[in-house]
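# An overview of the molecular structure
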Amino acid sequence: MTNPEKNYSFLKTYIKGEALIGFWNIISKGLGGISSILIIANLDVYKYGVFLLVISFYSLIADLFLGTLVGLVFNDINRFIGEKKEEKAKKLFKEFFIIRGIIAIILFLSVFFGADLVANFYGQDIAILFKILSPLFIIDFFYVSMRNLLQSRLYFGLTSFRPILYKAVRLIFILSFVFFFVLDAKNLLIAHVVSSFLVTVVFVSPFIKAYKPWKTIKESSDKIFLNIIKTYGKWPIFSNFLSQASSNIQPWFIRFFVNTEAVAVFSVAESLFSAVKALFPVATLSTLIPREVSSKKRIGDLLIRGTKYLTIFGILLGIVGFFAVPPMVKIFFPSYESSIPLFKVLLLLLPIMSFRSLSSTFLVALRRQKFIFFSNIFKNVLSFILPALFLYLFGVLGLAIERIIFSIIIGGLMYVYLLKKEVHPSFWAGLFSFNEQDKVFVKNLYQRSISFAKKSIFPGC
């Protein structure tokens, strides 16, 4: 396994990383689509809604207690690696690994034994579903830890391959249940948990190799994680807590204001949008941008070109999705044609993602945690108020409309701050022009893309 950190180039690594992730995402969505057809064919809309509500409960708890600070900590690990401070990167990784591991064990035990209390109110069937899900806390803890270190070492091909392998293994289990047993919510959850475990085990060997550079390095004696919490790290803890709560509670909002079936309908629309969004090339930016923030001029250049080209790409991708996806829904998911209008509204998010994704990534990389904290407080307030209001006024379609309005408000707020504090005033002139630098950039982008395609996709050409 060669080391991708040798001969590092932002553009070269970006193209290679996004190409690998995009390629595997296409295969992943294909496998996921086959599984979705089987699931929808064997579970009615109501039962599928129940399954989604149970999954959203897990996501709510896992994100609240295991997801908080993951992005912040690995941003700092990436910065330490970029600054050649491997001893600090190693110490921070170990500190965070131990803390999250303890929390994962507590969550597993709490949900597994707490399921018996749930049975007293909602029945034994629901309690069994929670017991089946409980090991995911530990499985996902190991997976996220290994994945993020592999990404820090720029092994994007490995990390993007994991969803493919997971969906392939899960599809095998689903097919087994369909043909030899029965596919219900219980067995679907078993397929989810067992597949997650088996695929996480596959990551162990690459993880050991990625950790190898640290074996001969004496870790820093500083209490880095504690220092992060005491300084800029204290800002995102509470805001992330509310943010994760607001995003994962939305299926329950739909259940309250509409019905359980609407949970499934909106989930299908989101899944269709996610399949299109997976082609949007921003997956590697959170790893690469922290390596580039030492120069203010570099920040401006990346932000200008990133916004310009990603917006154009988002518009084109949205047009393709608008015409290509609805006919396939009518053929494969006729019971979910009501998801099509929701999907079309969600496509408007694609060009908005260009400035929202870039601004949030730059703000984290620049450690503007105080601003992120206060903007997240505002975002979290909106996350509870707007969905309830729009669901009440417009039904499930209102939630799709709310996503657009919410993204414009929050993305605009972050972007204005970033331009005011970090970027040269010439930003707007550069954004709406196409100069010699753009020609050079596009030429390099084209040449490196063709070179990568010839070497990796069409090696014989």
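Here we summarise the structure given alongside this text. Being a predicted model, the structure only gives us computed values, none of them experimental.

### Concerning the overall build of the protein
- The number of helices and strands found in the protein is 21 helices and 0 strands.
- Within the span of the protein, comprising 461 residues, buried residues form 50% of the whole.
- Residue pairs at least 24 apart in sequence account for 87% of intrachain contacts in the protein once pairs closer than 6 positions are excluded.
- Accessible surface for the protein amounts to roughly 22200 Å². Of this, 69% is attributable to carbon and sulfur atoms.

### Some details on the side chain of Ser35
- Along the chain, Ser35 turns up in helix α1 (residues 10-42).
- The exposure class of Ser35 is buried, given its relative accessible area of 0%.
- Among all residues touching Ser35, those that are not within four sequence positions of it are Lys167, Arg170, Leu171 and Ile174.

### Observations regarding the nonpolar core
- Counting 93 residues, the largest nonpolar core has Tyr48, Leu133, Phe137, Leu189, Phe273, Tyr336 and Phe362 as the members making the most contacts within it.
- With sequence-adjacent residues up to four places away left out, Tyr48 is seen in contact with Ile39, Leu43, Ala264, Ser267, Val268 and Tyr336.
- Grouped together as the second largest cluster of nonpolar side chains are 26 residues, Val73, Val144, Met146 and Tyr211 included.

### Structural notes on the packing of aromatic side chains
- Evaluation of the coordinates by the stated rule reveals 21 aromatic pairs.
- The interplanar angle of 35 degrees and the centroid separation of 6.2 Å between the aromatic rings of Phe207 and Tyr211 together place this pair among those described as tilted. Taken together, the residues span about one helical turn, with Phe207 and Tyr211 both in helix α9 (residues 204-211) at a distance of 4 residues.
- Of note, Lys131 hangs over the ring of Phe112, and the distance from its end group to the ring centre comes to 5.2 Å.
- Above the ring of Phe322, the side-chain terminus of Lys344 is found at 4.7 Å from the ring centroid.

### Points about a nonpolar patch on the surface
- On the surface, a cluster of nonpolar side chains totalling about 750 Å² of accessible area is made up of Phe256, Phe257, Val258, Leu389, Tyr392, Leu393 and Phe394.
- Of all the secondary-structure elements, those providing two or more residues to the nonpolar patch are α12 (250-257) and α18 (369-394).
- No other element matches α18, which puts 4 residues into the nonpolar patch.
- Position of Leu393 among the secondary structure elements: in helix α18.

### A few points about the packing of helix α2 (residues 45-67) against helix α13 (residues 260-277)
- Where α2 meets α13, the axes come as close as 7 Å, and the angle between the chain directions of the two elements is 75 degrees. It follows that α2 is roughly perpendicular to α13 by the angle criterion. Each of Val45, Tyr46, Tyr48, Gly49, Val50, Leu52 and Leu53 in α2 lies in contact with α13, whose residues at this interface are Thr260, Glu261, Val263, Ala264, Ser267 and Val268.
- Looking at side-chain class alone, the contact of α2 with α13 contains 9 nonpolar, 3 polar and 1 charged residues.

### A few points about the pattern of salt bridges
- A full pass over the atoms with the stated rule returns 4 salt bridges.
- A salt bridge links Lys91 to Glu95; the nearest nitrogen and oxygen atoms lie 3.8 Å apart. Note that Lys91 and Glu95 are positioned in helix α4 (residues 86-122) at a spacing of 4 residues, about one turn of the helix.
- Take Lys91: its relative accessible area is 12%, and that puts it in the buried class.
- Residue Glu95 is classed as buried on the basis of its relative accessible area of 16%.

### Quick notes on the packing of helix α6 (residues 136-152) against helix α8 (residues 185-202)
- Between α6 and α8, whose axes approach to 10 Å, the crossing angle comes to 35 degrees. Handedness of the α6/α8 crossing: left-handed. Contacts from Leu136, Ile139, Phe142, Tyr143 and Met146 in α6 reach His192, Val193, Ser196, Phe197 and Thr200 in α8.
- Among the residues making up the contact of α6 with α8, the classes are represented as 7 nonpolar, 3 polar and no charged.

### Quick notes on the side chain of Ser267
- Along the chain, Ser267 turns up in helix α13.
- With near-sequence residues (within four places) excluded, Ser267 lies in contact with Tyr48 and Leu52.

### Some details on the environment of Ser274
- Here Ser274 is to be found in helix α13.
- When the C-alpha atoms of Ser274 and Lys29 are compared, they prove to be 8.9 Å apart, with 245 residues separating the residues in sequence.

Cut-offs used in this document
Residues numbered from 1 in each chain as written. Predicted model: local features only at pLDDT ≥ 70, side-chain atom pairs only at ≥ 80, totals over all residues. Heavy atoms only, no water. Helix = DSSP H or I, 4+ residues; strand = E, 2+ residues; numbered from the N terminus. Buried < 20%, exposed > 50% of the residue type's maximum accessible area, 1.4 Å probe, protein only. Contact = heavy atoms within 4.5 Å. Areas by Shrake-Rupley, 256 points an atom, 1.4 Å probe, with all protein chains shown as cover. Core = buried A, V, L, I, M, F, W, Y, C linked by side-chain atoms within 4.5 Å. Phe/Tyr/Trp six-rings, centres within 6.5 Å; stacked < 30°, edge-to-face > 60°. Lys NZ or Arg CZ within 6 Å of the ring centre and 35° of its normal. Patch = residues over 30% accessible without salt bridge, like charges linked within 9 Å, V, L, I, M, F, W, Y side chains within 5 Å. Salt bridge = Lys/Arg side-chain N within 4 Å of Asp/Glu carboxyl O. Axes fitted to C-alpha atoms, helices over the stretch in contact; angles between N-to-C directions. Parallel < 35°, antiparallel > 145°, perpendicular 65-115°, else oblique. Nonpolar A, V, L, I, M, F, W, Y, C, P; charged D, E, K, R; others polar. Left-handed = near helix turned anticlockwise from the far one by under 90°.

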